[in-house]
Amino acid sequence: TSKPRLFSGMQPSAQSLHIGNYVGALQQWRDMQDAYDAFFCVVDLHAITVPQDPAALREQTRRTAAQYIAAGIDPAKSTLYVQSHVPAHSQLAWVLNTITGFGEASRMTQFKDKSSRYGADATTLGLFAYPTLMAADILLYGAEAVPVGDDQKQHVELTRDLANRFNSRFGETFVVPEPIILTETARIYDLQNPESKMSKSAASENGVVWLLDEPAKTAKKFKTAVTDAEREIRFDRGAKPGVSNLLTILSSFTGTAMPALEEQYVGRGYGDLKKDVADAVVAAFEPVRARALELLDDPAELDRVLAANADRAAEVADVTLKAVYDRIGL
Ligand code: ADP
Ligand code: NA
């Protein structure tokens, strides 16, 4: 195929993906499938860089893959696989570690955030090396396009530096990738703490709307979403973070642009807005949830799809790894 390559992935770090992952990643991935030769990975090797439970991780990996497919990633069109099934990720990461400066790795802000969140005992060499594993993920496939949240932008920049460094030291080998940063309008905030991003590791269970939540639960979460003491429905992230978040979600699920949406709610109350957002999200999520549960009901078939896709990924990855080994004298 002559389409440009794309790589992206998510960690299997929860039992379900959430509305932010859906709007900020899955929907965008789905829409990019035709223009790119896309590789979508469930990055389980990244998930073990923080404390984790083995049985839960195994289950979460399958559930994450099922949600990719249910949300419209077509495993016959894109390559949808689990990172640890393709050994070249770990192998290339090791090589990249040997051309990465300790000082340059120490500047990664996500490492600083996570090591302070998880504490000294959980701050491992693996967590420190997260960015070089991510660089391997991208470089193995010659990905030109890497859709990421802005928290990952620094890692893609490191990836570019490593690709250029390797190429100039050992000869042209890697494609230098470009980050595709998801727009601020696709950023979803916690329903209970609308100043923080909705996150898999959220403290408030009611603030996160999971893709696999039952519809009644989703409706209840929107009903109890934090707003403000005014009555006016308008988009103002600074003064009205809760209402703005609800408007963002409604806008992205209905396709109605913000000014037109604000217009629709002139003179109406927060209760109306909450109900409309809940209805829109439930309507969109219901078939996705049903499809994911159906896929999870037949684990043997899901595992077969993932194994076939891992083989396809390995075919591409192994060519790159072989070239790299060759360049450096291994
Ligand atoms: P991971 O730890 O696997 O990166 P995240 O949940 O942090 O998992 O992010 C996975 C993807 O989902 C990223 O592309 C990120 O940009 C997107 N994403 C995560 N949270 C949100 C959010 N609250 N709003 C929009 N997009 C989000
Ligand atoms: Na992230």
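Each chain has its residues counted from 1, running along the sequence as written. Written order determines the labels here, with chains lettered from A and ligands numbered from 1. Two thresholds apply to this predicted model, a pLDDT of at least 70 for residue-level local features and 80 or more for giving and counting side-chain atom pairs, whereas whole-chain, interface and lining totals are computed over all residues. No hydrogens and no water enter the side-chain calculation; it runs on all heavy atoms of the structure.

Asker: Would you mind showing me how to read the overall build of the protein chain here?
Answerer: Helix and strand assignments come from DSSP, with helices taken as H or I runs of at least 4 residues and strands as E runs of at least 2, each series counted from the N terminus. Summing up its helical and strand segments, the protein chain has 14 helices and 5 strands in all. Projected onto its principal axes, the C-alpha positions of the protein chain cover 70 × 45 × 40 Å. Using a 1.4 Å probe on the protein chains alone, a residue whose accessible area is under 20% of its type maximum counts as buried, one over 50% counts as exposed, and one in between counts as partly exposed. Every one of the 330 residues in the protein chain was classed for burial, and the buried ones make up 51%. Total accessible area computed for the protein chain in this model is approximately 14900 Å², and 52% of it derives from carbon and sulfur atoms. Under the counting rule used here, the positive set is Lys and Arg, the negative set is Asp and Glu, and His together with the chain ends is not counted. Where a charge lies is defined by one atom per residue type, namely NZ (Lys), CZ (Arg), CG (Asp) and CD (Glu). Positive and negative charge centroids in the protein chain, built from 35 and 43 side chains respectively, lie 2 Å apart. Surface accessibility in these figures is a Shrake-Rupley result with a 1.4 Å probe; residues are shielded only by whichever protein chains are displayed.

Asker: Any chance you could explain the packing of helix α4 (residues 88-97) against helix α14 (residues 299-328) here in plain terms?
Answerer: Any two packed helices are characterised by the angle at which their axes cross and by the distance between the axes. Interaxial angle, 0 to 180 degrees, is taken between N-to-C directions of lines fitted to C-alpha atoms, where a helix line uses only the stretch in contact. Viewed as axis vectors pointing N to C, α4 and α14 meet at an angle of 30°, and their least axial separation amounts to 10 Å. Compared by their axis directions, α4 and α14 come out roughly parallel. Of the two elements, α4 crosses α14, and the hand of that crossing is left-handed. The segment α4 lies against α14, with Ala-88, Gln-91, Leu-92 and Val-95 engaging Ala-317, Asp-318, Leu-321, Val-324, Tyr-325 and Ile-328. Its residues placed into classes, the contact of α4 with α14 shows 8 nonpolar, 1 polar and 1 charged. Orientation categories follow fixed angle ranges, with anything under 35 degrees roughly parallel, anything over 145 roughly antiparallel, 65 to 115 roughly perpendicular, and all other angles oblique. By convention, the crossing between two helices is left-handed when the near helix turns anticlockwise from the far helix through less than a right angle, and right-handed when the turn is clockwise. The contact criterion used is simple: two residues touch if any of their non-hydrogen atoms lie within 4.5 Å. For this scheme, ten residues count as nonpolar: Ala, Val, Leu, Ile, Met, Phe, Trp, Tyr, Cys and Pro. Four count as charged, namely Asp, Glu, Lys and Arg, and the remainder, Gly too, count as polar.

Asker: In this structure, what is going on with the environment of Asp-213? I would like to understand it.
Answerer: Structurally, Asp-213 can be placed in the loop between β5 (178-181) and α10 (215-223). Among the residues examined, Asp-213 registers a relative accessible area of 10% and is labelled buried. Considered as a pair, Asp-213 and Gln-83 are 130 residues apart in the sequence and their alpha carbons are 26 Å apart. Aside from chain neighbours lying at most four places away, what touches Asp-213 is Val-208, Thr-218, Lys-221 and Arg-289.

Asker: Can you help me understand the UniProt feature "binding site: L-tryptophan" (unreviewed entry) in the protein chain in this one?
Answerer: When the UniProt feature table is mapped onto this chain numbering, "binding site: L-tryptophan" (unreviewed entry) sits at Asp-137. With respect to the helices and strands, the residue Asp-137 is situated in helix α8 (residues 130-139). For Asp-137, a relative accessible area of 1% puts it in the buried group. In this view, Asp-137 contacts Phe-7, Val-43, His-46, Gln-83 and His-89; residues no more than four positions away in its chain are not counted. One polar contact links Asp-137 to His-46, side chain to side chain, over a distance of 2.9 Å. UniProt positions are given in the numbering used here, feature names are shortened, and annotations may be inferred rather than shown by experiment. Polar contacts, as used here, are pairs of N or O atoms within 3.5 Å; protein pairs need one atom able to donate a hydrogen and one able to accept it. Residues neighboring in sequence count only if both atoms are side-chain atoms.

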